[in-house]
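# Coordinate analysis (summary)
If you want the building blocks of each chain, they are given just below.
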Amino acid sequence: MRRVKGDPKNLGFATRAIHAGQSPDPRTGAVAVPIYQTSTYVQKGLGEPAEFEYARVQNPTRTALEENIAALEGGVSGHALASGMAAISCLMTLLKTGDHAVVSRNVYGGTYRYFTRMLEPLGLSFSWVDTTDLAAVEAAITPRTRIVFLETPTNPVMDICDIAAIAGIAHRRGAWVAVDNTFLSPYLQRPLELGADFVVHSTTKFLNGHSDSIGGVLVSAHREQGDWFAFVQKAEGAILSPFDSFLILRGIKTLPVRMDRHESNAKRVVDFLVRHPKVRKVLYPGLPEHPGHEIQKRQASGFGGMISIEMGSYANAKAMLDRMRVMSFAESLGGVESLISHPASMTHASVPAEQRAALGLTDGMVRLSVGIENAEDLLADLDQALAAV
Ligand SMILES: *Cc1c(COP(=O)(O)O)cnc(C)c1O
């Protein structure tokens, strides 16, 4: 069972990021949690149950990560899976044929693909809702609704959803709330404290933070569902490897300092972009004119490092993207290096064109994941690339 053992809730976030789940190795005192690269464990004897039996079920490196993320999100259990999508898939095993889910209309493209192409054929149904609109959320809930699945900020149009208000509505109607917290990380936003029941992350992004691992975590606020997720890990087997668990543990140790720098760099980039004549619109929740600004200030302790901009057309977006030098043109986000992408043809290509249009996810939209390089170099890079538009 991946439970937080006596986690000292009175310690600060950065202290817990470094220590939670990671007591020194009992045999050697090693400060870093070792990579237990083993498939099985010798047992004491017939009929004597052991804590560690087979590594799909228990691995100490994975356990350390699971306890760590549970402590940071404030849940009762954490579950590390092979990717962010595997974590979302583990979460959705709570639903059975005939069940219904309300989902933010703008979610990660892979989430949309998984729900519509894999779960709908199994008899689950989904309502794609503007979850910034509380009345729309309420109206979409039916007696078959088991879960409300939110992203906030949404990827890439940066809608902000009121997690506490939606949790209130959903709980009154007997539904759970899950939040994909990948964009902000628990350093900036802790949905369980706002009343959500489950949190998922693609650890591939800010939690690992170095663009060198694929992984996912699922955190539960409830023991019964946490026990079920541990069962799913054992039964389905989409677990995170010991080496990836080690990398993410290492990444999380610097999460607070990285997030601070992502955000301070993002503010410099936003300041530059809002004044630039070639940029039609800047979507960033830290801007006072952003429709979700007040909610974001209330429910999170920062605005993060993700920015979307409107360049007006595919041709303008292409002219800019083809000239970027310091920022790499790539899918993904949340690494120390700045990445820049074109959501309509990359992360959200699986969302049908008419649906993208309805979301405001245009062919002229460019998404920036602002890294932790020197801000001056990022501004100079944007300046020379925008000159080509
Ligand atoms: C990347 C991402 C995912 C999927 O995670 P993988 O690790 O690529 O499977 C899910 N949600 C969001 C918000 C993401 O950015």
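What counts, and where the lines are drawn
Residues numbered from 1 in each chain as written. Predicted model: local features only at pLDDT ≥ 70, side-chain atom pairs only at ≥ 80, totals over all residues. Heavy atoms only, no water. Axes fitted to C-alpha atoms, helices over the stretch in contact; angles between N-to-C directions. Helix = DSSP H or I, 4+ residues; strand = E, 2+ residues; numbered from the N terminus. Parallel < 35°, antiparallel > 145°, perpendicular 65-115°, else oblique. Left-handed = near helix turned anticlockwise from the far one by under 90°. Contact = heavy atoms within 4.5 Å. Nonpolar A, V, L, I, M, F, W, Y, C, P; charged D, E, K, R; others polar. Domains from an automatic or database assignment. Buried area = accessible area lost by both parts, 1.4 Å probe. Salt bridge = Lys/Arg side-chain N within 4 Å of Asp/Glu carboxyl O. Polar contact = N/O pair within 3.5 Å; in protein donor to acceptor, adjacent residues only side chain to side chain. Core = buried A, V, L, I, M, F, W, Y, C linked by side-chain atoms within 4.5 Å. Buried < 20%, exposed > 50% of the residue type's maximum accessible area, 1.4 Å probe, protein only. Pairing = 2+ DSSP bridges. Near = heavy atom within 4 Å. Phe/Tyr/Trp six-rings, centres within 6.5 Å; stacked < 30°, edge-to-face > 60°.

### Some thoughts on the packing of helix α10 (residues 255-275) against helix α14 (residues 375-386)
Running from N to C, α10 and α14 cross one another at 30°; their axes reach a closest spacing of 10 Å. Taken together, α10 and α14 sit at an angle that is classed as roughly parallel. Crossing angle aside, the handedness with which α10 passes α14 is right-handed. In this structure, α10 contributes N265, R268, V269, F272 and L273 to the contact, and α14 contributes A375, E376, L378, L379, L382, D383 and L386. Residues of the contact of α10 with α14, tallied by class, amount to 8 nonpolar, 1 polar and 3 charged.

### Examining the domain arrangement of the chain
Domain parsing of the chain yields domain 1 (8-253) and domain 2 (256-386). Across the domain 1/domain 2 interface, buried area totals approximately 3,200 Å², and carbon plus sulfur atoms make up 60% of it. Per-residue buried area on domain 1 facing domain 2 is highest for M158, L188 and F206; these three make up 22% of the total on that side. Viewed at the interface, domain 2 and domain 1 are joined by 1 salt bridge. The salt bridge partner of R298 is D162, with a shortest N-O separation of 3.4 Å. Run the count over domain 1 and domain 2 and you get 19 residue pairs in polar contact (both at pLDDT 80 or more). For the side of domain 1 that touches domain 2, the secondary structure elements donating two or more residues are α1 (13-19), α4 (109-119), α6 (163-172), α7 (185-188) and α9 (242-253). Top element by residues in the side of domain 1 that touches domain 2 is α4. It accounts for 4 residues. Here the residues of the side of domain 1 that touches domain 2 are counted per class, giving 22 nonpolar, 13 polar and 5 charged.

### Digging into the nonpolar core
Counting 50 residues, the largest nonpolar core has L65, V148, I166, V177 and I252 as the members making the most contacts within it. At 5 residues, α6 tops the list of elements feeding residues into this core. Structurally, this core is a two-domain feature, drawing no fewer than three residues from each of domain 1 (8-253) and domain 2 (256-386). If you look at the next biggest cluster of nonpolar residues, it comprises 28 residues, including A86, L91, F126 and F149.

### Description of the pattern of salt bridges
Side chains bearing opposite charge may pair, as long as their charged atoms lie close to each other. Enumeration over the complete set of coordinates arrives at 12 salt bridges. A salt bridge links D99 to R144; the shortest N-O distance between them is 3.6 Å. With D99 in the loop between α3 (84-92) and β2 (100-104) and R144 in the loop between α5 (134-140) and β4 (145-151), this pair connects stretches of sequence that are 45 residues apart. A residue is classified by how much of its surface remains accessible, and R144, at 46% relative accessible area, is partly exposed. Overlapping salt bridges, with partners in common, bring together D99, R144 and R146 in one network.

### Observations concerning the sheet that holds β2
Pairing is mixed across the open sheet formed by 7 strands, whose spatial order is β1-β7-β6-β5-β4-β2-β3. Each edge of the sheet is formed by a strand with only one pairing partner; in this case those strands are β1 (77-81) and β3 (125-129). Direction aside, the axes of adjacent strands within the sheet are offset by 20° on average. On top of the sheet, α3 reaches β1, β2, β3, β4, β5 (176-180), β6 (198-202) and β7 (216-220); it is set at about 160° to β6, its chief contact. Helix-sheet contacts for α6 involve β4 and β5, and the interaxial angle to β5 is about 150°.

### Quick word on the site of the ligand
Around the ligand sit 13 residues in total, of which G84, D180, S202, T204 and K205 are the nearest. Interatomic distance of 2.9 Å between a backbone N/O atom of M85 and an oxygen atom of the ligand. T204 places a side-chain nitrogen or oxygen 2.7 Å from an oxygen atom of the ligand. Grouping the constituent residues of the shell around the ligand by class yields 3 nonpolar, 7 polar and 3 charged.

### Concerning the packing of aromatic side chains
Taken as a whole and judged by the stated rule, the model has 13 aromatic pairs. Ring geometry for W176 against F198: centres 5.7 Å apart, planes inclined by 70°, an arrangement best described as edge-to-face. Taken together, the residues span a long stretch of sequence, with W176 in strand β5 and F198 in strand β6 at a distance of 22 residues. Here W176 matches F198 in class, with each residue buried. Taken together, a centroid distance of 6.4 Å and an interplanar angle of 20° make the contact between F243 and F246 stacked. Of the two residues, F243 and F246 are both situated in helix α9; the distance of 3 residues between them amounts to about one turn of the helix. Members of the aromatic cluster, connected to one another through ring pairs, are Y112, Y114, F115, F126, W128 and F149.

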